[in-house]
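Commentary on secondary and tertiary structure
Each chain, letter by letter, is given below.
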Amino acid sequence: MELPFAEPYKMKMVESIRKSSRKEREEWIKTARYNLFNLKSEQVFIDLITDSGTGAMSDKQWSEMMLGDESYAGASSYYKLKNAIKEILGFDYFLPTHQGRAAENVLFSTMIEAGDIVPGNSHFDTTKGHIEFRNATAVDCTISEAFDTTVEHPFKGNIDLEKLEYVLKSHPVERIPLIIVTVTCNSSGGQPVSMQNLREVYSLAKKYVVPVFFDSARFAENAYFIKMREPGYATKSIREIVAEMFSYSDGMTMSSKKDAIVNMGGFIGFREETLWKKAQTFNIMFEGFITYGGMSGRDMNALAQGLYEGTEFDYLDSRIKQVAYLGQQLRSYDIPVQMPFGGHAIFVDAKRFLPKIPKEQFPAQTLAVELYLEGGVRGVEIGALLADRDPVTRENRYPKLELLRLAIPRRVYTNNHMNYVAVALGNVYERRNKIHGGVKIINEAPIMRHFTIELERI
Ligand SMILES: Cc1ncc(COP(=O)(O)O)c(C=O)c1O
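Residues numbered from 1 in each chain as written. Predicted model: local features only at pLDDT ≥ 70, side-chain atom pairs only at ≥ 80, totals over all residues. Heavy atoms only, no water.

1. What to know about the site of the ligand
Applicable threshold: To be near a molecule or strand, a residue needs just one of its heavy atoms within 4 Å of it. Think of a polar contact as two N or O atoms within 3.5 Å of one another; within protein, one of them needs to be a possible hydrogen donor and the other a possible acceptor, and neighboring residues in sequence only count if both atoms come from side chains. Per-residue accessibility takes into account occlusion by the displayed protein chains alone, with areas from the Shrake-Rupley method and a 1.4 Å probe. Only DSSP runs of H or I with at least four residues qualify as helices, and only runs of E with at least two residues qualify as strands; both kinds are numbered from the N terminus onward. Residue type decides the class: Asp, Glu, Lys and Arg count as charged, Ala, Val, Leu, Ile, Met, Phe, Trp, Tyr, Cys and Pro as nonpolar, and the leftover types, Gly among them, as polar.
Taken together, 14 residues lie around the ligand, and Gln99, Arg101, Asp215, Ser255 and Lys258 are the ones closest in. Here an oxygen atom of the ligand and a side-chain polar atom of Asn186 are 2.9 Å apart. Asp215 places a polar side-chain atom, nitrogen or oxygen, 2.7 Å from a nitrogen atom of the ligand. Protein contacts shield 96% of the accessible area of the ligand, which totals 380 Å² for the unbound molecule. Sort the elements by how many residues they give to the shell around the ligand and helix α4 (residues 100–111) lands first, with three residues. Here the shell around the ligand is composed, by residue class, of one nonpolar, seven polar and six charged.

Structural data, given as structure tokens:
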């Protein structure tokens, strides 16, 4: 018999979490204005709101924290991180930032101007937010298979080369400062991009002389999928695959809170010295001096160590199989989920789960609220609330997919927790026909509204 997967680590410290009653949760979610971001963490039993910054660091990472060099300039921690980035990702130049969106802020301040066009694959919300904040436009060129949750495609994060070429052809090259390839693609369901697609996008970009940057938050999970699914890569190591992936890019932004398994941190990698130098000014303005940029020395040390741990096959294998385990449990209740399962999360198709809730009543948010009420499990809406309003017409944007994302923190929960989540959502599925009203907006911010939005139950 083939041996089942098991985590390549054991636990040395635990943190208590508390169950609550349905009555308590009804009160808490009402006070939180039906926005799960407003809940206190102690009001949540299993927290799947994000896999970002919520992972458990290893004993080696904690030891690295003690070795952090807190010198303002030229700290040894900076050089440790610089070496790890060079060794694993291949970039000679980098700037530390406090998290991924800060990397976007610094890079886009350097590269994007009003009126620019930035093609990519389902840009993440902060990425899109930073583009639109500069009065530029993000154009989604993801393959259409990504928008049908029932289609089994191994690389649903892929960019449609025809769509991309159309964008590149129809605008002057000076208006396209960069192409952003998100690996894996969070907004379309944690779906990977194939090596072939990365190679082809890069070669198309070279033809039009446009730089390619990777939004790399989950680059290691993407490499795992390439190894498991793409012909020719089964015998290559994760690090070899990662090195090839980044050879098809001119730079990268990184939210280290995901695949580098730290609680805070980010950076920008550059192939080219000139752009790195240009970006330094913005890094100093927004983040800090170029050798710490928003991170303490101890954080850079833990991050460097995390880059090595996050690219180990056994770790990735158990991590991604745990995500798939939750997916299989949900499927056993016939719950509609994005197929195939993503790298960091299971995405529940809320339109198919709650077909009677109209899109104007935000089915994915409604489902998130119902799951919380059922079992104290916190997921997050990836749907119309997140998609925000059109910056020009101010109308709600209704994306093709209305998803409830159940993101699994790294090295944190056991499969018993996954079973609990599956039963809780299974119970909601069983009573889905009794859920009649969704939610309506009573207060929202002009941009990135989903974090602070206030809602009412219909
Ligand atoms: C693909 C992607 N890019 C960028 C970010 C932003 O990173 P951060 O949360 O560190 O600012 C995220 C965060 O979830 C993400 O998933």
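There's more to say after this.
2. Brief notes about the domain arrangement of the protein
By a widespread convention, an interface's size corresponds to the accessible area lost as its parts come together. Stated precisely, the cut-off is as follows: Annotation comment: domain bounds sourced from an automatic or database domain assignment. Contacts are residue-level and defined by heavy atoms, with any inter-residue pair within 4.5 Å sufficient. Defined in terms of a 1.4 Å probe, buried area is the accessible area two parts forfeit on being brought together, summed over both. We count a salt bridge whenever a side-chain nitrogen from Lys or Arg sits within 4 Å of a carboxyl oxygen from Asp or Glu.
Assigned domains within the protein: domain 1 (22–51 + 316–457) and domain 2 (59–309). The distance between the C-alpha centroids of domain 1 and domain 2 comes to 26 Å. With 31 residues of domain 1 at the interface, the matching set in domain 2 holds 36 residues. Carbon and sulfur atoms supply 55% of the area buried between domain 1 and domain 2, which totals about 2,700 Å² over both sides. Residue Glu309 is joined to Arg411 by a salt bridge in which the shortest nitrogen-to-oxygen separation is 3.0 Å. Secondary-structure elements contributing two or more residues to the side of domain 1 that touches domain 2 are α12 (313–332), β9 (345–349) and β12 (403–407). For the side of domain 1 that touches domain 2, the residue count by class is 15 nonpolar, five polar and eleven charged.

3. Considerations on the packing of helix α8 (residues 219–229) against helix α9 (residues 238–247)
Here is the rule: Convention adopted: a line fitted to C-alpha atoms gives each axis, helices being fitted over their contacting stretch, and angles between N-to-C directions are expressed from 0 to 180 degrees. In these notes the angle categories are as follows: under 35 degrees is roughly parallel, over 145 is roughly antiparallel, 65 to 115 is roughly perpendicular, and the rest is oblique.
At their nearest, the axes of α8 and α9 sit 9 Å apart, and the two run at 110° to each other. The orientation of α8 relative to α9 falls into the category roughly perpendicular. Two secondary-structure elements touch here, α8 through Phe219, Asn222, Ala223, Tyr224, Ile226 and Lys227 and α9 through Ile238, Ile241, Val242, Met245 and Phe246. Grouping the amino acids of the contact of α8 with α9 by side-chain chemistry returns nine nonpolar, one polar and one charged.

4. As for the sheet that holds β12
Applied cut-off: Only strands joined by at least two bridges in the DSSP assignment are considered to pair.
Spatial ordering of the open sheet is given by β9-β12-β11, a layout of three strands whose pairing is antiparallel. What marks the edges here is a single partner per strand, and that holds for β9 and β11 (380–382). Geometrically, the sheet is characterised by an average inter-axis angle of 35° between neighbouring strands, direction not taken into account. Note that β11 and β12 share three bridges and pair antiparallel. Along β12, the bridge assignment pairs Ile382 with Leu403. Sitting on the sheet, α12 touches β9 and β12, and the angle it makes with β9 is about 25°.

5. Some words on the pattern of salt bridges
Opposite charge on two side chains makes pairing possible when the charged atoms of those side chains draw close. Put simply, the test is: Note on classification: 1.4 Å probe, protein chains only; a residue is buried when its accessible area is under 20% of the maximum for its type, exposed when over 50%, partly exposed between these limits.
The tally for this structure, following the rule as stated, stands at 31 salt bridges. Its salt-bridge partner being Arg218, residue Asp51 comes within 2.9 Å of it at the nearest N-O pair. Taken together, the residues span a long stretch of sequence, with Asp51 in the loop between β1 (46–47) and α2 (59–66) and Arg218 in the loop between β6 (212–215) and α8 at a distance of 167 residues. For Asp51, a relative accessible area of 0% puts it in the buried group. In this structure, the salt-bridge partner of Arg410 is Asp51, at a minimum N-O distance of 3.0 Å. Highlighted residues: Arg410 in the loop between β12 and α16 (415–430) and Asp51 in the loop between β1 and α2, separated in sequence by 359 residues. Arg410 sits in the buried class, given a relative accessible area of 1%. Within this structure, Asp51, Arg218, Glu221, Asp259, Arg319 and Arg410 form a network of salt bridges that share partners.

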